[in-house]
Amino acid sequence: MIKDLCRLVYRSESRIDHNDDAGLDRIFRTSVKNNLRDRITGALALPDGKFVQVVEGTRRDVEALMVRIRADDRHFNVAVLGDWAITARLFEGWAMARPDPEPLSRQAFRIVTEDGSGVQVTGILLGMMQEPATAWL
């Protein structure tokens, strides 16, 4: 067990078109590199023009990541949906998972993009990992 481990979930509005594969790939590749360096795990999805991300790591590393995320002009309206202490990672081994939001039910899609809590969004993204996902290790 890692001391001071936490999970944070946020949602934001993207300024990047969801069809801009090259731009999105750059984000994921940079995220993987930085997350490996900072020992952060998690998942990032881009449903309906929103970034939805779960990050796990030490409190210090997650807070430093959130400073960078809030300063990033590729998105706006960053809203933290949940932030809590944990004893184990759910996304262990995933420097950044990239689940495909297409197979989501209408209700799950609404929870992820509009009104879900951090716990609900984490559960849905974790469940999506059972489906085919792009692993960015």
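You'll find the structure just up there.
One structure accompanies this document, and this report is about it.

1. Section: the overall build of the protein chain
Within the protein chain one finds four helices and six strands. Its helices and strands in sequence order give the protein chain the pattern β-α-β-β-α-β-β-α-α-β, from N to C terminus. Over its C-alpha trace the protein chain gives a radius of gyration of 14 Å, about what one expects of a compact globule, namely 14 Å for 137 residues. With the C-alpha coordinates of the protein chain rotated into their principal frame, the extents come out at 40 × 30 × 25 Å. Taken across its 137 residues, the protein chain has 48% of its residues classed as buried. Across the protein chain, the fraction of contacts at a sequence separation of at least 24, relative to all contacts at a separation of at least 6, is 82%. Put simply, the protein chain shows about 7400 Å² of open surface, and 50% of that area lies on carbon and sulfur atoms. Averaging the coordinates of the 19 positive side-chain charges in the protein chain and doing the same for the 20 negative ones gives two points 5 Å apart.

2. Brief notes about the pairing of strand β3 (residues 50-58)
Of all nine residues that make up β3, eight are buried, and the element is covered over most of its length. Both strand β1 (residues 5-14) and β3 contribute to a ladder of nine bridges, which runs antiparallel. Of the residues in β3, the one forming a bridge with V9 is V54. The loop that links strand β2 (residues 41-45) with its antiparallel partner β3 comprises four residues; one of these, D48, has a positive phi angle of about 50 degrees.

3. Overview of unusual backbone geometry
Its identity is not glycine, yet R39 carries a phi of approximately 60 degrees, on the positive side. The residue R39 is located in the loop between α1 (21-38) and β2 in this model. With phi around 55 degrees, N77 is a residue other than glycine that occupies positive phi space. With respect to the helices, strands and loops of the structure, N77 is situated in strand β4 (residues 75-85). A residue is classified by how much of its surface remains accessible, and N77, at 54% relative accessible area, is exposed.

4. Remarks on the packing of helix α3 (residues 106-115) against helix α4 (residues 118-128)
Two elements in contact, α3 and α4, have axes separated by 10 Å at closest approach and are oriented at 130 degrees. By the angle between their directions, the pair α3 and α4 is classed as oblique. Two packed elements cross with a definite hand, and for α3 against α4 that hand is left-handed. Side by side, α3 and α4 meet where A108, I111, V112 and D115 of the first sit next to Q120, V121 and I124 of the second.

5. What to know about the nonpolar core
Of all hydrophobic cores here, the largest spans 16 residues; its most connected members are F91, L104, I124 and L125. Elements supplying a minimum of two residues to this core: β2, β3, α3 and α4. Top element by residues in this core is α4. It accounts for four residues. Sequence-distant contacts of L104, that is, excluding residues within four places in its chain, are made with F109, V112, I124 and M128. In this structure, I16, I27, F28 and L44 belong to the second largest nonpolar core, which totals 10 residues.

Conventions and cut-offs
- Residues numbered from 1 in each chain as written.
- Predicted model: local features only at pLDDT ≥ 70, side-chain atom pairs only at ≥ 80, totals over all residues.
- Heavy atoms only, no water.
- Helix = DSSP H or I, 4+ residues; strand = E, 2+ residues; numbered from the N terminus.
- Rg over C-alpha atoms; globule rule 2.2 N^0.38 Å.
- Buried < 20%, exposed > 50% of the residue type's maximum accessible area, 1.4 Å probe, protein only.
- Contact = heavy atoms within 4.5 Å.
- Areas by Shrake-Rupley, 256 points an atom, 1.4 Å probe, with all protein chains shown as cover.
- Lys, Arg positive; Asp, Glu negative; His and termini not counted.
- Charge placed at Lys NZ, Arg CZ, Asp CG, Glu CD.
- Pairing = 2+ DSSP bridges.
- Axes fitted to C-alpha atoms, helices over the stretch in contact; angles between N-to-C directions.
- Parallel < 35°, antiparallel > 145°, perpendicular 65-115°, else oblique.
- Left-handed = near helix turned anticlockwise from the far one by under 90°.
- Core = buried A, V, L, I, M, F, W, Y, C linked by side-chain atoms within 4.5 Å.

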